[in-house]
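# Overview (structure and organization)
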Amino acid sequence: MESSVRETLNIRFTFVYLTLLFAILYLLQTLISHRLILGCQSVTLKKNPPLPLRFSSDGKFKILQVADMHFGNGLVTRCRDVLPSEFDGCSDLNTTRFLRRLIDEERPDFVAFTGDNIFGTSAADAAESLFKVFSPVMESRLPWAAILGNHDQESSMTREELMTLISLMDYSVSQINPAEDPSSPANGRMAVDIDGFGNYDLRVNGPPGSHLANSTVLNLYFLDSGDRATVNGFRTYGWIKESQLRWLRGVSQGLKEKKKDSNQPAAAEFITRRAETPSLAFFHIPVPEIRQLYYKEIVGQFQEGVACSAVNSGVLQTFVAMGDVKAVFIGHDHTNDFCGNLDGIWFCYGGGIGYHGYGRAGWPRRARIIVAELGKGEKAWIGVERIKTWKRLDDEKMSKIDEQVLWDWNS
């Protein structure tokens, strides 16, 4: 009898033990197993745009230049220099809302951000602010590229870290720096030794299906103009260094040699009529010579002093000697939005888009549009014929102002 009772109790204890064990295993499996397994987080791959960049089938390539967004923390970051009637409810979201309106209105092929994308001192987390401010262009799935201004690195990331992150964001074609030195021998390419972060060039091919589909017909230079520096004991803005100008000259020469070596019969007319591939340049801080435009004819408004470096490193002279740069697009001085010609090259301000950056109350934030148009021969496209620009204002009508031709091959 006693033996039978003991056997019954053992069976019950075994049942309870097994039930408890299965319950523990179930909890481990359903509630916390994902936390105990290493390396099983979901992996998100960068989304890339169709490459190479190319002109559309109508022979146009449209660029939206976005200057000085000065994004902070989003909804809690208030606007500066707006009318009293506009202040309530005005925040960083006005900046991203305007960017979305620009993309919807103009339908660009490419977006170029020319620095001070975030306002470092107002951005608690640089990475989070970058994702927020670039979200409209990433959502649009358009190819885009960015360079840095003098405020981007004032938050939680260095300039190298910022450009690394930007280069890894969805649909970005930005680069940290060029991978190879174009001036080194072709059979022994060397890594380029260059100042700054965000120096690169992007090639734009001809329309799909045309004889120029695999040829570079427009080149885009992006340069890091730095942030702040001390020269002879005085603080000044950064400037483009000799190592960057040397790289520019190498790329420009390489493009000319590539065109000479081209042997496409269908492109003969194009090659004969175009000595070099036209280029556009984008950087943040203006060069000192832009001050001269105060006394010259300009298109747009010159409303504040040119805040440039005390060092003149010879950028303008380099562009003139290269011969391929037709126009330069800059930012930094938010209430200047003019274009002016220096030694045959147009220098154009973007006009500040950011509502947390300084501006002028009652003077709408704005952005610049650039359009390169191909010419037509008797049978085919013959390369870039014309480069035009205008600005869009963040007003009720998205007003289009100051349309002009920057370069025309025939003139």
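Residues numbered from 1 in each chain as written. Predicted model: local features only at pLDDT ≥ 70, side-chain atom pairs only at ≥ 80, totals over all residues. Heavy atoms only, no water.

### Quick look at the overall build of the protein
A tally of helices and strands in the protein yields eight helices and 16 strands. Taking as baseline every contact in the protein between residues at least 6 positions apart, the subset at least 24 positions apart corresponds to 69%. Here the protein displays about 19,700 Å² of accessible surface, and carbon together with sulfur accounts for 54% of that area. (Helix = DSSP H or I, 4+ residues; strand = E, 2+ residues; numbered from the N terminus. Contact = heavy atoms within 4.5 Å. Areas by Shrake-Rupley, 256 points an atom, 1.4 Å probe, with all protein chains shown as cover.)

### Considering a nonpolar patch on the surface
A surface patch of nonpolar side chains, about 300 Å² in accessible area, is lined by Leu75, Val76 and Leu93. Position of Leu93 among the secondary structure elements: in helix H3 (residues 92-106). (Patch = residues over 30% accessible without salt bridge, like charges linked within 9 Å, V, L, I, M, F, W, Y side chains within 5 Å. Salt bridge = Lys/Arg side-chain N within 4 Å of Asp/Glu carboxyl O.)

### Some details on the packing of helix H4 (residues 126-140) against helix H5 (residues 159-168)
Look at H4 against H5: their axes get within 11 Å of each other, and the N-to-C directions meet at 40°. If you check the angle between H4 and H5, you find them oblique. At the point where H4 passes H5, the crossing takes the right-handed sense. Each of Ala126, Ala127, Leu130, Phe131 and Phe134 in H4 lies in contact with H5, whose residues at this interface are Leu162, Leu165 and Ile166. Looking at the contact of H4 with H5 residue by residue, the classes come out as eight nonpolar, no polar and no charged. (Axes fitted to C-alpha atoms, helices over the stretch in contact; angles between N-to-C directions. Parallel < 35°, antiparallel > 145°, perpendicular 65-115°, else oblique. Left-handed = near helix turned anticlockwise from the far one by under 90°. Nonpolar A, V, L, I, M, F, W, Y, C, P; charged D, E, K, R; others polar.)

### Considerations on the sheet that holds strand S14 (residues 366-376)
The sheet built from six strands is open, its strands ordered S4-S3-S2-S14-S15-S16 with mixed pairing. Edge positions in the sheet fall to strand S4 (144-147) and strand S16 (400-408), since each has one partner strand and no second. Ignoring which end each strand starts from, the neighbouring axes of this sheet average 20° apart. Of the strand pairs in this sheet, S14 and strand S15 (residues 381-393) are connected by ten bridges, and their pairing is antiparallel. (Pairing = 2+ DSSP bridges.)

### Focus on the pairing of S14
Within S14, ten of the eleven residues are buried, which leaves it mostly tucked inside the rest of the structure. For strand S2 (residues 60-66) and S14, the ladder comprises six bridges, and the chain directions are antiparallel. Within the sheet, the bridge partner assigned to Lys60 lies in S14 and is Glu373. Joining the antiparallel neighbours S14 and S15 is a turn of four residues. (Buried < 20%, exposed > 50% of the residue type's maximum accessible area, 1.4 Å probe, protein only.)

### Points about the nonpolar core
Membership of the largest hydrophobic core comes to 95 residues, with the highest contact counts inside it found for Phe110, Phe134, Trp144, Leu220 and Phe319. Aside from chain neighbours lying at most four places away, what touches Phe110 is Leu53, Phe61, Lys62, Ile63, Leu64, Pro143, Trp144, Ala145, Val173, Leu202, Leu220 and Phe222. (Core = buried A, V, L, I, M, F, W, Y, C linked by side-chain atoms within 4.5 Å.)

### Some remarks on helix H8 (residues 315-322)
Residues of H8 that are buried include every one of Val315, Leu316, Thr318, Phe319 and Met322, and no others. Burial along H8 is one-sided: seen end-on, the buried residues are contained in an arc of 160°. At the exit of H8 stands Gly323, carrying a positive phi of roughly 85°. (Arc of directions from axis to C-beta.)

### A few points about the confidence of the model for the protein
With 84% of its residues at a pLDDT of 70 or more, the protein has an overall mean of 90. pLDDT under 50 marks residues 269-273. Its contacts with residues more than four places away, or in other chains, come to 15 contacts. (pLDDT = per-residue confidence, 0-100.)

### Some points on unusual backbone geometry
Glycine aside, a negative phi is what most residues show, and trans is what most peptide bonds show. Cis peptide bonds are those with omega within 30 degrees of zero, and the linkage from Leu51 to Pro52 qualifies with 5°. Relative to the elements of secondary structure, Pro52 occurs in the loop between helix H1 (2-36) and strand S1 (53-54). Even without a glycine there, the phi angle at His70 is positive, about 50°. Inspection of the secondary structure assignment puts His70 in the loop between S2 and helix H2 (84-87). Positive phi outside glycine occurs at Asp116, with the angle close to 50°.

### Re the side chain of Asp408
With respect to the secondary-structure elements, Asp408 resides in strand S16. Relative accessible area serves as the criterion here: at 16%, Asp408 is assigned to the buried category. Only 3.1 Å separates the side chain of Asp408 from the side chain of Arg386, close enough to count as a polar contact. Once you skip the residues sitting within four places of it in the chain, Asp408 turns out to touch Glu385 and Arg386. (Polar contact = N/O pair within 3.5 Å; in protein donor to acceptor, adjacent residues only side chain to side chain.)

### Here's the deal with the packing of H3 against H4
The axes of two packed helices give the description: the angle between them and the distance between them. Contact geometry of H3 with H4 gives a least axis separation of 9 Å together with a crossing angle of 20°. With respect to H4, the axis of H3 lies roughly parallel. Like other packed secondary-structure pairs, H3 and H4 cross with a definite hand, here right-handed. Here Thr96, Leu99, Arg100 and Ile103 of H3 come into contact with H4, specifically with Lys132, Val133, Ser135, Pro136, Val137, Glu139 and Ser140. The class makeup of the residues in the contact of H3 with H4 is five nonpolar, three polar and three charged.

### Quick look at H3
A rise of 1.5 Å per residue sets the reference length of H3, with its 15 residues, at 21 Å; its end C-alpha atoms lie 22 Å apart and thus fit the reference within 8%. Three or more residues of H3 are buried, namely Asp92, Asn94, Thr95, Thr96, Phe98, Leu99, Leu102, Ile103 and Glu106. Close packing links the buried residues of H3 with S2, strand S3 (110-114), H4, S14 and S15. (Expected span 1.5 Å × (residues − 1).)

### Focus on the environment of Leu218
Of note, Leu218 is situated in strand S6 (residues 216-222). Among the residues examined, Leu218 registers a relative accessible area of 0% and is labelled buried. Leu218 sits 58 residues away from Glu276 along the chain, and the two C-alpha atoms are 9.6 Å apart. Setting aside chain neighbours within four positions, we find Leu218 in contact with Phe55, Phe61, Leu202, Arg203, Val204, Thr277, Pro278, Leu280, Ala372 and Val384.

### Some thoughts on the state of the cysteines
Scanning all chains against the criterion turns up two disulfides. Here Cys79 is linked by a disulfide to Cys90, with a sulfur-sulfur distance of 1.9 Å. Its S-S torsion of approximately -85° makes the covalent link between Cys79 and Cys90 left-handed. One end of the pair, Cys79, is in the loop between S2 and H2; the other, Cys90, is in the loop between H2 and H3, and eleven residues separate them in sequence. Across the disulfide from Cys339 sits Cys348; the S-S distance is 2.1 Å. (Disulfide = S-S within 2.5 Å.)

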